[in-house]
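Understanding the architecture of this molecule
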Amino acid sequence: MTQEYRKEKKYGMVIDLDRCTGCGACMVACMAENNVPFRDNETDKLKSITWMRIYQLTNGKSYPNEEICYLPRPCMHCEGHNGHSPCVTVCPAVATDYDRETGIVSQIPTRCFGCRYCMAACPYHARYFNWWDPVWPEGMEKSLSPNVSPRMRGVVEKCSFCFHRYQLAYEKAASEDRRELRENEYQTSCTQACPAGAITFGDLINKNHAVYKIKKDPRAFRLLERLKTNPKIYYLSSREWVRRAGDNYHPEEETGKIKSHQ
Amino acid sequence: MDSAFIPEGVKRCPFPQFLAGLGLAGVVLAWGIFAMLLCWLKGLNQTNMNDSYGFALWIWADLAVIALGGGAFFSGFLKYIVGKDELKNIINFAVLIGFICYSSALLILAIDIGQPLRGWFIFWHANVHSMLTEVAFCLSCYFGVLTIEYIPLILENRQIDKIPFFHNLSHNMHEVMAVFAATGAFLSFFHQGSLGGIAGVLFGRPFAYREGLLVWPWTFFLFTWSAAAYGPCFTIFLIKLLEKITGKKLVKDNVIDLLAKISGWMIFTYIFAKIIDTWYWAVVTVQSKGQTLMDFYDDNMFYGLWILVAEIVVGGIFPALILLTKKGRNSASLLWAAVILACLGVCINRWVMVLQVMAIPVLPFEDWALYYPSWQEIATTILPVAYGVILVMISYRYLPIFPQEKELNPIESH
C-alpha cells in the first residue's frame, strides 16, 4: 500500500575523500545527535561505540612519499541482493530490518537480545555492542536528544542515517499535505556537521538529488563491492591507491571494473 | 551407605570416596557458577569479547560440545534405524553424553546473550531466514528428545524400578524409543547443519562463506557429517577414560570395534568432502573475492597454515586411517590416539569456523584482531565439564549405564 503514497527511495551518501580532513566533526555530531554512550576510559577502541568512525589510511610508503587519507565509515546500509543485507538476514529475532521504503537498515534495540550474530556478519564492523549500560556525566542527561532512546546494556546498535530526522521531516511534510520530502528536509547530522562539505546525502535513485549524479563520478567506489553487500555509501577519491584500498584486489586487477549489484 | 541404590551385581567405590570426587568437581562447578552469575548480573563486560570478537570462546565451546555430543544421535540412528543391535550396549552412555553436551550448549547460549531475559525472543519473534533461529528450535527440541531418552535410564535405578508405575513407564518408553531416535536423528541433521550454516551464510566474511545447495551452504552438510563422524569417537574416548578411572572393562571389544569402524568410514568420507570443499573455496570462492588462500593464514603467528594441516591431516586423515584398519582398532594405543586426534580435529574445525572468522580482517586497511578470554569466560566454559563429570559420576554409580558391566566384571563370592 505504501507504494501508492510514497515512491521507493534508497537513501545513501557520497563521501568525497579528497575533501575529508579527518577532523572528526562528523563523529562528534553523530554521537551528540544519537545519544551514543561513552565511558571515562575509551582507550580500548574495540569496545568504543562510534556509529561514524574515521579510519586513517596510508599508502604504505615512507616519508616524503607517504600519503594519508581519512575515510569516514558509517553503516553502509547494504541492500545486498534484493534487500538481503548481510546483517539483516542473520538476525534471529528480526531486530534489524531492511526498510524497502527508504533503503535504511534499521536496528531495534528493544527487540535485540544481544546474540551479536549481526556483528559477525558485518564486514565493515559498523555494528557495536553495548558492553556497559550508558552512564552520562552529571548533568549531561539534560542535553540528550529527546528524539533518540539511549540503548541499554547487552544490545547492538549502529548508524541509522538519523532515522528520527526522517520521521520528523516526514511528519512535517505530511502536515503540509505533502507525500514527498525535499532533498534538504532530511539530512543526517554528520552531513550537516562536515565543515569541508565532504558528505552529500540523499536519495540515490532520485534524479533530482545530488547524490544521484555524484555517485556516477569516475572517482567513485564503494567498500568491498565484490562481496555483493551492495552498500549505499559511495566514496570519491582521485587517488588510485585509495580506491584500491576499498576492496581486495589481485595484483593484476584494476579498480573500477568489479561487477556488483547497483 | 547407598548400596541399596547401586545396580545389582556391580561394584562401586566406597561412598566417602564418591563424595570426595563429587566435592572436587563441585568446587569447579561453583567457580563456574560464580563466573556465570557475574556475567548475568554485571553483563558481558566481564568477558574479553569486543566489537571485533562478537563470537568467541563460548560459541566455539557451544559448537564443539554439540559436535562431540553427536555420538548420541548417530548411535541412536545406527541402533534403531539401521539396526546395529550391538550398539544397545553403548547407547545409554551415548545418550547420557548427548544429554550433558546439549544441556551445556543451551546453558552456554543463555550466558552468551547480552539480554538473557529476552532469550525467548528467538522463538517468539523468530526470523525464519536466520540459521540461528533454526539452531534454537532444533536444539531445544532435540534436548527434549534427549531428556525423553534419558528418563527411562533414570527409571531403571534399582529403587525407582521397584515402583510398578515407573517400571511400566520405563518399559513402555523403551518400546517406543525408535520413534524418538528417528526424531532425534532428524532434528540433529538440521541443528548440526544450521550450526554449520551460521558461518557458511556470512557472505560478508570470505573465510567463512560457502556456496551450497538451495538455501544451505556446504558447511551445513559438512557440520552434520562431521558431528556424525566424530561424535562416536568422543563416546569411545569417554568410555575408555571411564574404564581407566574405574579399572574395569565396561563395554565388549566387538561393540567398540563396530562403532570405531563406522566412525572411521564416516571420518574418511567426511574429510574427503572437506578437502574438496576447501579446495573449491580456495581456488574459486576466495579468488572471486580478490583474495588468496594465504591471505587467511600468512600474516599471523597464531593462525598459520599449520591449523589447516592440524584440522585436516592430523585430526582427520590420521584418525580415519587408524580406525579403518583392524590393526589400528585392535591396538589400544592406536585407538586412543585415533579418538583423541579425532576429537581435537573436530574441535579445531569448530574453532576455525568461529574464532578465525572473527580474527581475519575483511577491509584491506584493517588488521587481524586477536583475543584472549577472561577468567570468567574460561570458568563458564569449564562449568559444563564439571557438570558433566558430576552427572556421569552419579549416573554411573546409580544407573545401569553399561549393560555388559556385570558380565565383564563378575563379583567373586567369598
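Residue positions within a chain follow its written sequence, with the count starting from 1. All chains are assigned letters beginning at A, and all ligands numbers beginning at 1, according to the order in which they are written. Only residues with pLDDT of 70 or above have their local features reported here, since the model is predicted, and side-chain atom pairs are shown and tallied only from 80 upward, although totals for entire chains, interfaces and linings are computed over all residues.

Turning next to the overall build of chain B. The secondary structure content of chain B amounts to 15 helices and two strands. Here the C-alpha atoms of chain B give a radius of gyration of 22 Å, agreeing with the 22 Å that 2.2 N^0.38 yields for 414 residues. When the backbone C-alpha atoms are referred to their principal axes, chain B occupies close to 75 × 50 × 35 Å. Residue burial here comes from a neighbour count, namely the number of other C-beta atoms, placed from the backbone, that lie within 10 Å of the residue's own C-beta, with 20 or more meaning buried, 12 or fewer meaning exposed, and in between meaning partly exposed. Classification of the 414 residues of chain B by burial places 50% in the buried group. In chain B, the proportion of contacts linking residues at least 24 apart, taken out of those at least 6 apart, comes to 78%. Only DSSP runs of H or I with at least four residues qualify as helices, and only runs of E with at least two residues qualify as strands; both kinds are numbered from the N terminus onward. Within these notes, the globule rule equals 2.2 Å times the number of residues to the 0.38 power, and the radius of gyration is based on C-alpha atoms. In this description, any two residues whose backbone-derived C-beta atoms lie within 7 Å of each other are considered to be in contact.

Counting its secondary structure elements, chain A contains eight helices and 10 strands. A compact globule built from 262 residues should have a C-alpha radius of gyration of about 18 Å, and chain A, at 19 Å, falls within 12% of that. With 262 residues in all, chain A has 46% of them scored as buried. Here the contacts in chain A between residues at least 6 apart in sequence split such that 63% fall between residues at least 24 apart.

A separate point is the nonpolar core. Tyr230(B) and Cys343(B) are the most contacted members of the largest nonpolar core, which has 193 residues in total. Sequence-distant contacts of Cys343(B), defined by excluding residues within four places in its chain, comprise Leu68(B), Tyr230(B), Cys233(B), Phe234(B) and Phe237(B). Linking buried Ala, Val, Leu, Ile, Met, Phe, Trp, Tyr and Cys residues through C-beta atoms within 7 Å yields a set, and such a set is a nonpolar core.

This paragraph deals with helix α8 (residues 177-200) of chain B. Residues lying three or four places apart along an α-helix face the same way, a consequence of the helix completing one turn every 3.6 residues. Take the number of residues in a helix, subtract one, and multiply by 1.5 Å to get its expected span. With 24 residues, α8(B) should cover 34 Å at 1.5 Å per step; its first-to-last C-alpha distance of 34 Å lies within 8% of that length. Summarising burial for α8(B): 17 of the 24 residues are buried, a large majority.

Here we come to the packing of helix α9 (residues 218-246) of chain B against helix α10 (residues 253-288) of chain B. All names here are of chain B. Angles here are taken between N-to-C directions and fall from 0 to 180 degrees, while the axes themselves are lines fitted to C-alpha atoms, restricted in helices to the stretch in contact. Interaxial distance between α9 and α10 falls to 9 Å at its minimum, and their mutual angle equals 150°. Between α9 and α10, the angle falls in the class roughly antiparallel. Regarding α9 and α10, the two cross each other, and that crossing is left-handed. For the pair α9 and α10, the contacting residues are Trp218, Leu222, Trp225, Ser226, Ala228, Ala229, Tyr230, Pro232, Cys233 and Ile236 in the first and Ile256, Leu259, Ala260, Ile262, Ser263, Met266, Ile267, Tyr270, Ala273, Lys274 and Asp277 in the second. Classes in brief: Ala, Val, Leu, Ile, Met, Phe, Trp, Tyr, Cys and Pro nonpolar; Asp, Glu, Lys and Arg charged; the others, Gly included, polar. Residues belonging to the contact of α9 with α10 are distributed by class as follows: 17 nonpolar, two polar and two charged. An angle below 35 degrees is read as roughly parallel, one above 145 as roughly antiparallel, one from 65 to 115 as roughly perpendicular, and any other as oblique. In this scheme the crossing of two helices becomes right-handed for a clockwise turn of the near helix relative to the far one and left-handed for an anticlockwise turn of less than a right angle.

Now for the interface of chain A and chain B. Each partner contributes residues to the interface: chain A has 43 residues there, and chain B has 37 residues. Residue assignment for the side of chain A that touches chain B shows that the elements contributing at least two residues are β2 (53-58), α3 (86-90), α4 (117-121) and β6 (128-129) of chain A. Residues of the side of chain A that touches chain B, tallied by class, amount to 28 nonpolar, seven polar and eight charged.

This paragraph deals with the pairing of strand β10 (residues 233-236) of chain A. Residue and element names in this part refer to chain A. Burial along β10 is two-sided: the face carrying Ile233 and Tyr235 and the face carrying Tyr234 and Leu236 are both buried. In the sheet, strand β9 (residues 220-221) pairs with β10 via two bridges, with the strands oriented antiparallel. Directly across from Ala220, in β10, lies its bridge partner Leu236. Note on pairing: two strands pair once DSSP finds at least 2 bridges between them.

What follows covers the sheet that holds β10(A). Whether parallel or antiparallel, the strands of a sheet pair through hydrogen bonds between backbone atoms. Strand order in this open sheet of four strands is β8-β1-β10-β9 (chain A), and the pairing throughout is mixed. Edge positions in the open sheet fall to β8 (199-203) and β9 of chain A, since each of these has one partner strand only.

Scored between 0 and 100, pLDDT is the confidence that the predictor attaches to each residue. Looking at chain B, the pLDDT average stands at 92 and 99% of residues meet or exceed 70. Model confidence for the complex is summarised by a pTM of 0.92, with the ipTM given as 0.91.

Residues and elements named next belong to chain B. Summarising the element assignment, Gly200 is placed in helix α8. Sequence separation of Gly200 and Met131 is 69 residues, and the distance between their C-alpha atoms is 9.6 Å. In contact with Gly200, not counting residues within four places along its chain, are Ala208, Tyr209, Arg210, Gly212, Pro217, Trp218, Thr219 and Phe220.

Residues and elements named next belong to chain A. At the junction of Tyr63 and Pro64, the peptide bond is cis and its omega measures out at 10° in the coordinates. Located in the positive-phi region is Asn35, a residue other than glycine, with phi close to 55°. Mapping Asn35 onto the fold places it in the loop between α2 (25-33) and β2. For Asn230, which is not glycine, the phi dihedral falls at a positive 55°. The topology assignment puts Asn230 in the loop between β9 and β10. C-beta crowding within 10 Å serves as the criterion here: with 21 such atoms nearby, Asn230 is assigned to the buried category.

Bringing the packing of α9(B) against helix α13 (residues 332-359) of chain B into the picture now. Residues and elements named next belong to chain B. Between α9 and α13, the least distance of the axes is 9 Å, while the angle of their chain directions is 135°. Viewed along their axes, α9 and α13 adopt a mutual orientation that is oblique. Pair α9 / α13 crosses with left-handed handedness. Residues Ser226, Tyr230, Cys233, Phe234, Ile236, Phe237 and Lys240 of α9 lie in contact with α13, whose contacting residues are Trp336, Val339, Ile340, Ala342, Cys343, Gly345, Val346 and Asn349. Grouping the amino acids of the contact of α9 with α13 by side-chain chemistry returns 11 nonpolar, three polar and one charged.

Here we take up the environment of Ile68(A). Residues and elements named next belong to chain A. One can find Ile68 in strand β3 (residues 68-73). Placed 46 residues apart in sequence, Ile68 and Gly22 show a C-alpha to C-alpha distance of 9.9 Å. Setting aside residues no more than four positions away along its own chain, Ile68 makes contact with Gln56 and Thr58.

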